[in-house]
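Chain by chain, the residues:
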Amino acid sequence: MALTDPDRLFPAEPALRGLARELYEGIADLPIISPHGHCDPRWFAENARFPNPAELFVVPDHYVFRMLVSQGVPLTDLGVPRVDGGATESDPRLIWRRFAENFHLFRGTPSSMWLNHSFEHVFGIDIPLNADTADTYYDHIDGKLAEEAFRPRALFERFNIEALATTEGALDDLSAHRAIRDSGWGGRVITTYRPDSVVDPEFEGFAENIEKLAEITGEPATTWEGYLAAHRKRRAYFKEFGATASDHGHATARTEDLPQEVAAELFQKALAGTCTGEEADAFRGHMLTEMARMSLDDGLTLQIHAGSWRNHSAPVFAAHGRDKGFDIPMRTDYVGALKPLLDAVGMEPDLTVILFTLDETVYGRELAPLAGAYPALRLGPPWWFFDSAEGIRRFREATTETCGFYNTAGFNDDTRAFCSIPARHDVARRSDCAYLATLVATGRLAEADAPEVAHDLTYGLAKAAYNL
Amino acid sequence: MALTDPDRLFPAEPALRGLARELYEGIADLPIISPHGHCDPRWFAENARFPNPAELFVVPDHYVFRMLVSQGVPLTDLGVPRVDGGATESDPRLIWRRFAENFHLFRGTPSSMWLNHSFEHVFGIDIPLNADTADTYYDHIDGKLAEEAFRPRALFERFNIEALATTEGALDDLSAHRAIRDSGWGGRVITTYRPDSVVDPEFEGFAENIEKLAEITGEPATTWEGYLAAHRKRRAYFKEFGATASDHGHATARTEDLPQEVAAELFQKALAGTCTGEEADAFRGHMLTEMARMSLDDGLTLQIHAGSWRNHSAPVFAAHGRDKGFDIPMRTDYVGALKPLLDAVGMEPDLTVILFTLDETVYGRELAPLAGAYPALRLGPPWWFFDSAEGIRRFREATTETCGFYNTAGFNDDTRAFCSIPARHDVARRSDCAYLATLVATGRLAEADAPEVAHDLTYGLAKAAYNL
Amino acid sequence: MALTDPDRLFPAEPALRGLARELYEGIADLPIISPHGHCDPRWFAENARFPNPAELFVVPDHYVFRMLVSQGVPLTDLGVPRVDGGATESDPRLIWRRFAENFHLFRGTPSSMWLNHSFEHVFGIDIPLNADTADTYYDHIDGKLAEEAFRPRALFERFNIEALATTEGALDDLSAHRAIRDSGWGGRVITTYRPDSVVDPEFEGFAENIEKLAEITGEPATTWEGYLAAHRKRRAYFKEFGATASDHGHATARTEDLPQEVAAELFQKALAGTCTGEEADAFRGHMLTEMARMSLDDGLTLQIHAGSWRNHSAPVFAAHGRDKGFDIPMRTDYVGALKPLLDAVGMEPDLTVILFTLDETVYGRELAPLAGAYPALRLGPPWWFFDSAEGIRRFREATTETCGFYNTAGFNDDTRAFCSIPARHDVARRSDCAYLATLVATGRLAEADAPEVAHDLTYGLAKAAYNL
C-alpha cells in the first residue's frame, strides 16, 4: 500500500490522464527552482540534524498546527512557544501523538498530500498516520533523522534543488549565508532582500531600525538621500550573497510616486513617529516605486506580496506572537493601487515586478489584464492557501486566457517546511500538466507545443523571472 | 420515462461515476437532519391537508414564483397577496396553469430538479410538466393531497426526517410547538431562537417589541441588564421546545464588543428611537457578541446569516411586502467584521458559531481561513441561491483545501417548501459524493476514508454542529 | 494537419463529447446574430479590399498587440499610431513578422483560437504561424485579400451574418450607414445609439457636443427639456438606420432617478463645466434612467457596459491615445447602483435592459439574482476578456442555476476584428453546447429539451433581446 497515488492530480478521464501523465513524465525530474521561501539558512550553514519529528513537521509549521487549533487543541499542547516564556508542551512524542490522532482533519487538504508525500518519498513509510501508528511513525522518522542522509545538505541534494532562495530582513548580517559560502558546499542557497522593517513607518522600532541601517551602511540614513543610498548599499550587499530579488509584504498593494520632497518630508515624520496611518501607508507605497527604480539599476526582481491581515486574533498574538496561523486574506485592489508605480516604471521592459495575491477574484479581473499589458509585470503563482490542486487550476483557468503563460513566473513554494518542498513542486507540476492536457484535449493548445510549455512552467519561467 | 435520472449529479466519467454512486449508496438512506429551515410548525401541530397544488408549490415559494415574474408574469396573477388586501388571482388551477406553461424557464436550475423530484418521488408522476399536462398534474396532485398519506406528519415520516428545526421570532409564544409536543406525535420538530425584532433598533416597532419582551419575561427589559436577562429567559424558553440554536439575519456580518456602559447607552437610544444608522448597526453587531456569550452558558449554537439586501424593489415591497423574491445578495466582508466577536470568544472550544454567506468570493479568501484557525467557527453550507450542484461544488472546492471537512457544518435546506426537503438533501448528498469521488480518483483522499467522510457530511457534522 | 480541432471545446469524456457534438451539429450552421460590436460601417459602404495582413489582424486589434507589448515589444514597432503623429513602423511585413515570431505568447488564449480559426477557415491555411512561416503567411493572406471574395461584403455573406450592429456616437451623421442603404446591397448592417459624448459631463468637449446636438436636431438642447427632446430625435434618427438598441459605456453601473428640477440643474452645471466629480457621476447615472424611460416609448433595448478603467497607463494614453489594450476591469457594484433605475422602471415587462460586466464575481451574487427577479433585466454574455471557453463556462455555471437561460441575451462578439466574428460565435456555440451536454449527462436538463435550448442560446435569445 502506498500513501500517494502515482496518478494523483491527473484528470480522471483516461485519455486526459494519459496526456497529463506523458507531459508530467517529461518534466517530473527537472531540478527544483525555489526562488521564494522561508527556509532557515542556518540549516545549510550548520548542517545539524533536525531535532525530532514534531519539530520537523508540526511545531514550526502554522499551515499544520492551526488545523488542530481550529478543532480546539490549545496551541500550548502543540509546543508552540509563548511570548511570556511560560510552559508549553515539551515532549515531542506527545505533540506528535496529538498530531497523529487528528490527522483525519487534513483529509482533502494539500497539507495531507504534502505530508503523505514526505512520509512516503522522504522517509519511506507506507502506512497511514493515525493514533495507532503514531509511535511507529515517530520512532521511524526519528531514526532516519539521525542518519547523515537526512541532514539538510543531503536532503537538499536528494531533492534536486538547483537554487533555493531564503528571505532575510534588510538588517540581517547574512552570517548564515556567509557560512554556507565559506563552507565550500556547492548547494545554491541565496538570500532575498526584505526591507519591511526599514520601509514601514509602523513597523516596531522603525526609527531604531533606521539608526541600525545607518550604522551598517555608513550612510547618513536619517536623511532622505542617505536613506536611499543605504538601501542601495544593502541591496548590493545582498546581491553578494546571491540575491536576485527583493520582497515586500505589505497589507495592501498601494503604491505612490510622490515628489521627492514630499517623500523626504514623510520620511522625517516617520522617523519622528508622527506619521498618521494614511501617511505611513503612503510612505510604504512610495517606497515600492523607489525600490522599482533601484531595480532598474541593479536588476533585482521586485516581489509584491499583498493582502494578508496579519495576526488577526488579538489574544493569540498577545500569547504567542506572529505567524501562528491567524493571518487571514483580505479583499485587495490592484488596479488603482498599482497605477502610480506603473505610470512611473510599468512600461520598462528590463524591470520585473512579480505580483502575488490572496484574493483570487483579482486573477481574471485585475492581475491578468494588467500583466497582459504592462511589460514590467509578471504574475506570481498561487500563494499560501492557494498553492494547491484547486488553487492552481483556478489560477490557470482565470489568467491564461487573458495574459497567456509567458506573463507568469513559474512556481514558488514559499515554505518554511523543508521536507514539503519536493511535494509542493510536484503538486504544481502535476496540476499544470493536468491543465495543459485539458487544453490539448479540447483543442486549445497544439499537442506539439505542450511539452515546451510544461518545461517553461516548471523551470524556464521561474529562472527568467528571477534571473536565476 | 422518469423525471429524474438515477445517476443525476454524479460525474459523467464512468469510473468517477461508479465511485460516486457507491459512496452515495452508503448514505442515501440516512435520516434527514434539517437543523435550519422555515417550515410552518402549525403544519405538524394541526396536521391538516395541504390546500391545493398551487398553494403547495407556487404561491408560498418565492424561489419559484420570482422566475415567472422575471419574465413578465404579474405577482397578482400568481395569487401573491397584496399589502392593501386587493384582488389577486384566487383560482389555484389558473395559477397552476401559468406555472406549468412557464416551466421551461426553470431548465438547468435547481428549482426544476427539486420540483421534478417532488413530482416523481412524492407524487409518483412520470410525465414532464408543461401547458399540455398542467391539468393532469393538478388533478393528480390534488387527489393525493386529499389522502391521509399526504398530510404533513405522514410526509415527515415518509421523508425520514430525524429532526426538523423551524425558526420563530423571540416574541413567539411557540404555541404550535407546544401543540406538537402535547399531541404525543413522535416527530422531532424543534424551534430556533430568532431575535431580530428585539435586537435590531431599525426593526419595525422595536420599542414596542421590547415592551412585549418585558411583559412576556417579567424582566425589566427596558434596562440594559433587564434586557439581557430577558434574552436569557427567552432562550431558556425556546430550549424547552427543543431549540439548540439561535439565528441572526443581519445585512452585514459586523460584530462589536463594546464596553457594557456604551452598549447600555446605545440600547437606551434605540428604545428612544434616536440611534443613527451607524449606532443601530453597532448595536446589532454588539448583540451578536452578547448572544455568543449567552451561548457559552446555555450551549445554543449561534448562526449568522449575512449579506442579503432585503426587499430590493421598492414598488414590489410596497405592493406585496417581504419575501417576494427580491432579496439580492451583496458583497460582504467577514475578516474585519467578525474580529470583535472573535477576539472576545473565538478561541472558545465549547462555542459554535456557524457562518453563512451569499458572497461566494469569501469562501476561500475569508471564511475557510477563519474557520481553519478559530475553534469557535464552523462554515454553514451553501445557502439560498447556492444550495445547488454548482453551488455545492464551488463551496467544497473553495473551502476544503483550507479548512478541511471538519470545520463545516453539514447541510441545511433552509426551506419553506416542505416537499422539497428530501430533494434538497438528496442534491447535497449526491453533490458531496461527486466531490469525494473526484478527490479519491485524483489521489487527494484515501478511498478507505471516503465513506466515513460521506457519512459525516450527510449526518454527523450537522448533528455535532447543532448539538442534535 | 489542421490548425483547429473539429471537436475543440467539447468535453473530453467520450459520452459527453458525443452529446455536445450532436447539439452543436444542430446549431452550427445557424446564421450569425451580432447585435453588439465595433466593426467599421465604412467597410460595407465602400467594400474596398483590406489593405494587408498586418492592418487586418494586428494594428487595429488591441486584443492582439497588447500581448506583444506585455513582453516588451514597443507599440511603435507594431505600427500603432502616435498622438503626436511621429514615426511608427510602416512596413506591414515587418509588423507581421514581429507578430509571427511572438505567436507562442498566445498559447492557451482565445486569441490564438480566433486567429487560427481565421487562418484556417477564412484563408485556408493549415500550417502553424511562427517566425519560419511568417512570410508564407503574409504572402498568402495578402494574395487572398486582393480577391473579390475577400472584400467585406463577400465575407459578410460567407460568414452567414443575418444582422450586424455597429456602434456610433450620438453626433454621427450615419453617412456610412446611409451609403450602405443607398447601395442596394442586402446585408443587414445596423447602427446602435451610443450617446456617451453628450451624456457624460466629463467627456472631452461636452458643452460643444451639446451645441452640436442642438444644431443637428434643431432642438434647444441647452435647456433640459430641449436636451431630452434632442435625444429623442437622435434615437428616432438612429432607428431609421436600423438601430434597435442604445449602448452606454460608463465606468460604474450607477443609476439615479432624480427629480426633474435637480437633473435640470445638474445639466446646467455640466454645460457650465462646474460639476463636481460626484455631480457628473450622478448626472450620468440619472441619464441611464432617462434613456430607459425613452426606451419604454421607442422600444430601443438599453445596454449597460460597466466596469472598465479606461486608459489605465498615463504614458501610453499620452503617447498613443485610447483603445490600446490598457483598459483594465474594476470591481463593480450592481445591487445598489441599479436600484434607482429598477425602482423606476425595473418591473416594466416591455423594457429590456441588458447588463454587462467585467467583474465575474457579480454573476452569481448580483446579476443573476437581479435578472431572476426584475422583468426588465437580461444578462448580456461574458464580455471582452471573458468571451472565451472558460469565461463562458463560468458565466453559465454561475448564472443558470439562479436566473435560468431565458433571462440571458444570447451572444455578442463585441469586436472590431471582422474575421474573428465567425470564430467568436463558434466558440460561444461550442462552449454552450459543452455546458448543455454536461447538464444532460448529469440529469439537470432533459435530453429532449437540450436542442431547443441550444437554438435559443445561439439565435432566439439574441433576436428577442434586441428586437431583431
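Treat the numbers as computed from the prediction; the structure is a model and nothing was measured.

What counts and how
Residues numbered from 1 in each chain as written. Chains lettered and ligands numbered in written order. Predicted model: local features only at pLDDT ≥ 70, side-chain atom pairs only at ≥ 80, totals over all residues. Heavy atoms only, no water. Buried < 20%, exposed > 50% of the residue type's maximum accessible area, 1.4 Å probe, protein only. Helix = DSSP H or I, 4+ residues; strand = E, 2+ residues; numbered from the N terminus. Pairing = 2+ DSSP bridges. Contact = heavy atoms within 4.5 Å. Buried area = accessible area lost by both parts, 1.4 Å probe. Salt bridge = Lys/Arg side-chain N within 4 Å of Asp/Glu carboxyl O. Polar contact = N/O pair within 3.5 Å; in protein donor to acceptor, adjacent residues only side chain to side chain. Least-squares fit on C-alpha atoms with pLDDT ≥ 70 in both. Domains from an automatic or database assignment.

Engineer: Before we go on, may I ask you to explain the pairing of strand S2 (residues 161–165) of chain B in this structure?
Structural biologist: It is a general feature of regular strands that their side chains alternate between the two faces of the sheet. Residue and element names in this part refer to chain B. Within S2, 4 of the 5 residues are buried, leaving the element largely enclosed by the surrounding structure. Pairing of strand S1 (residues 32–34) with S2, which is carried by 3 bridges, proceeds in the parallel orientation. Of the residues in S2, the one forming a bridge with Ile33 is Ala163. Summarising the sheet, S2 and strand S4 (residues 189–190) pair through 2 bridges and their orientation is parallel. In the sheet register, Leu164 faces S4, and the bridge partner there is Val189.

Engineer: Explain the interface of chain A and chain C to me, please; I cannot follow it from the model alone.
Structural biologist: By a widespread convention, an interface's size corresponds to the accessible area lost as its parts come together. Chain A puts 42 residues into the contact, and the matching count from chain C is 45 residues. Buried surface at the junction of chain A and chain C, both sides included, amounts to about 3,600 Å², of which 56% is carbon and sulfur. Of all residues in chain A, Arg365, Glu401 and Arg444 of chain A bury the most surface against chain C, accounting for 20% of the area lost on that side. Where chain A meets chain C, there are 5 salt bridges. A salt bridge links Arg393 of chain C to Glu397 of chain A; its shortest N-O distance comes to 2.8 Å. Where chain A packs against chain C, one counts 21 residue pairs in polar contact (both at pLDDT 80 or more). When contributions to the side of chain A that touches chain C are tallied by element, the ones reaching two or more residues are helix H15 (339–345), helix H16 (362–371), helix H17 (389–403), helix H18 (420–441) and helix H19 (450–465) of chain A.

Engineer: What exactly am I supposed to notice about the relation of the copies chain B and chain C here?
Structural biologist: Two chain copies here: they are related by a rotation about an axis and a translation along the same axis. Rotating chain B by 120° about the axis while translating it 0.0 Å along that axis superimposes it on chain C, leaving an RMSD of 0.0 Å. Here the symmetry operator amounts to a three-fold rotation axis. Using C-alpha coordinates, one finds that chain B approaches the rotation axis most closely at Glu13 of chain B, a distance of 3.6 Å. Here only 7% of the interface residues in chain B have copies in chain C that are interface residues too; the copies meet through unlike faces.

Engineer: Where do I start with helix H4 (residues 62–69) of chain A in this structure?
Structural biologist: In terms of burial, H4 of chain A is largely enclosed, as 8 of its 8 residues are buried. Among the residues of H4 of chain A, those classed as buried are His62, Tyr63, Val64, Phe65, Arg66, Met67, Leu68 and Val69 of chain A. As for H4 of chain A, its buried residues are in contact with helix H3 (53–57), helix H5 (92–101), helix H6 (110–122) and H18 of chain A together with helix H18 (389–403) of chain B. Measuring from the side-chain oxygen of the N-cap residue of H4 of chain A to the backbone nitrogen of Tyr63 of chain A gives 3.1 Å; that N-cap residue is Asp61 of chain A.

Engineer: It is not clear to me how the domain arrangement of chain A should be interpreted in this structure. Could you clarify?
Structural biologist: Residues and elements named next belong to chain A. Domain parsing of chain A yields domain 1 (14–48 + 150–466) and domain 2 (49–149). For domain 1 and domain 2, the distance between their C-alpha centroids amounts to 28 Å. Facing the 34 residues of domain 1 at the interface are 30 residues of domain 2. Taking both sides of the interface into account, the surface hidden between domain 1 and domain 2 amounts to around 2,700 Å²; carbon and sulfur atoms contribute 65%. On the domain 1 side of the contact with domain 2, Phe150, His320 and Cys419 bury the most area, a combined 28% of that side's loss. On inspection of domain 1 and its partner domain 2, the count reaches 1 salt bridge.

Engineer: Before we go on, may I ask you to explain the environment of Gly37 of chain C in this structure?
Structural biologist: Residues and elements named next belong to chain C. For Gly37, the position within the fold is in the loop between strand S1 (32–34) and helix H2 (41–46). A sequence separation of 377 residues divides Gly37 from Asp414, and the C-alpha atoms of the two residues are 3.8 Å apart. Leaving out residues up to four positions away in the same chain, Gly37 has contacts with Ala165, Thr166, Thr167, Asp413, Asp414 and Thr415.

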